[in-house]
Amino acid sequence: MDNIIVVNNSILLNSLTKLRDKNLKSSQFRKEVSNIAKILLFEALRNEETEMRKIQTPFVESDFPSLNEDEYVLVPILRAGLSMMESCLKVLEDAKVGFLAIKRDETTLESKVYYERLPHLEEKTVIILDPMVATAGSITKAIGIIESHNPKKIISLNIVVSKVGAEKLSKFKNVKFYVGSAGEDLNDKGYIVPGIGDAGDRCFNT
């Protein structure tokens, strides 16, 4: 599973432990998700290519390394992915944002796309935002849709990935997954255990 990178960071682990607490308020839940998303993004972009940009400092004009933020597209999977979007936009302020709404049928566990709004993705670096990967149905559909637009590269940021989910993600050799935890179990309803519960419900107090 070389394409799945578990980010070993003590601050991330501390936030993840807070998320596991069922009594955590929605406002605090969103805060910890945002913290983790930012850490995952830093790790994912650690070795990105930079280009030189001319800057006038208080003393001299010179060239300095810079990311071309316009080449990045954030794609949160609604609803829960929205909780990761804000902190990522604070890092990549000029990135574009697309949206995919994918809902899992709680009986069949099948994932269905019910809303798609994506900017131009060809030759862009697309960053998928989805806190939970349980059966991997939603993220598999998302990757399929994004790949059809011929992006330069696909990166996925995920907080918790189940063992079943990790096995399915490992097949996407052209996608890098940066995750907070991987290898957790699934119960008979398809929820990750111990996990953090339904991230969308907990983020938005529903």
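Below: a short report on this structure. (Residues numbered from 1 in each chain as written. Predicted model: local features only at pLDDT ≥ 70, side-chain atom pairs only at ≥ 80, totals over all residues. Heavy atoms only, no water.)

### Observations concerning the packing of helix α1 (residues 10-20) against helix α2 (residues 26-44)
Next, step 1: Contact pair α1 / α2: the axes reach a minimum separation of 9 Å and the direction vectors enclose 150°. As summarised for this structure, α1 and α2 are arranged roughly antiparallel, according to the angle between their axes. Crossing geometry of α1 relative to α2 is assigned as left-handed. Side by side, α1 and α2 meet where I11, L12, S15, L16, K18 and L19 of the first sit next to F29, E32, V33, N35, I36, I39 and L40 of the second.
Next, step 2: When the residues that make up the contact of α1 with α2 are grouped by side-chain class, the tally is nine nonpolar, two polar and two charged. (Axes fitted to C-alpha atoms, helices over the stretch in contact; angles between N-to-C directions. Helix = DSSP H or I, 4+ residues; strand = E, 2+ residues; numbered from the N terminus. Parallel < 35°, antiparallel > 145°, perpendicular 65-115°, else oblique. Left-handed = near helix turned anticlockwise from the far one by under 90°. Contact = heavy atoms within 4.5 Å. Nonpolar A, V, L, I, M, F, W, Y, C, P; charged D, E, K, R; others polar.)

### Brief notes about the environment of V97
Next, step 1: The residue V97 is located in strand β5 (residues 96-97) in this model.
Next, step 2: Under the relative-accessibility criterion, V97 is labelled partly exposed at 24%.
Next, step 3: When the C-alpha atoms of V97 and S111 are compared, they prove to be 22 Å apart, with 14 residues separating the residues in sequence.
Next, step 4: What V97 contacts, discounting residues up to four positions off in sequence, is L74, P76, M85, L89 and P119. (Buried < 20%, exposed > 50% of the residue type's maximum accessible area, 1.4 Å probe, protein only.)

### Some words on the side chain of E184
Next, step 1: Residue placement: E184 occurs in strand β11 (residues 175-186).
Next, step 2: In this structure the side chain of E184 is engaged in a polar contact, spanning 2.8 Å, whose partner is the side chain of S181.
Next, step 3: Of the polar contacts made by the side chain of E184, one reaches the backbone nitrogen of G195; its length is 2.8 Å.
Next, step 4: Among residues more than four places away in sequence, those in contact with E184 are R20, V160, V161, S162, K163, I192, V193, P194 and G195. (Polar contact = N/O pair within 3.5 Å; in protein donor to acceptor, adjacent residues only side chain to side chain.)

### So, the side chain of S156
Next, step 1: Structurally, S156 is set in strand β10 (residues 153-162).
Next, step 2: Overall, S156 belongs to the buried group, its relative accessible area being 0%.
Next, step 3: A polar contact is formed between the side chain of S156 and the side chain of N158, at a distance of 2.9 Å.
Next, step 4: Beyond its immediate chain neighbours, meaning those up to four positions away, S156 contacts I128, I139, K176, F177 and Y178.

### Section: the pairing of strand β4 (residues 72-78)
Next, step 1: Across the seven residues of β4, six count as buried, placing the element largely inside the fold.
Next, step 2: Taken together, the five bridges between β4 and strand β8 (residues 125-129) define a ladder with parallel strand orientation. Each bridged residue has a counterpart across the sheet, and for V75 the counterpart in β8 is I128.
Next, step 3: Taken together, the two bridges between β4 and β5 define a ladder with parallel strand orientation. When the bridges of β5 are listed, L74 appears paired with V97.
Next, step 4: For the crossover from β4 across helix α3 (residues 82-91) to β5, the handedness is right-handed. (Pairing = 2+ DSSP bridges. Right-handed = clockwise from strand over helix to strand, strands pointing away.)

### A few points about the environment of I77
Next, step 1: Structurally, I77 is set in strand β4.
Next, step 2: Given the relative accessible area of 3%, I77 is considered buried.
Next, step 3: Residues I77 and I139, spaced 62 residues apart in sequence, show a C-alpha to C-alpha distance of 8.1 Å.
Next, step 4: Contacts of I77, omitting those with residues within four sequence positions, involve L100, I102, I128, L129, D130, S138, I139 and A142.

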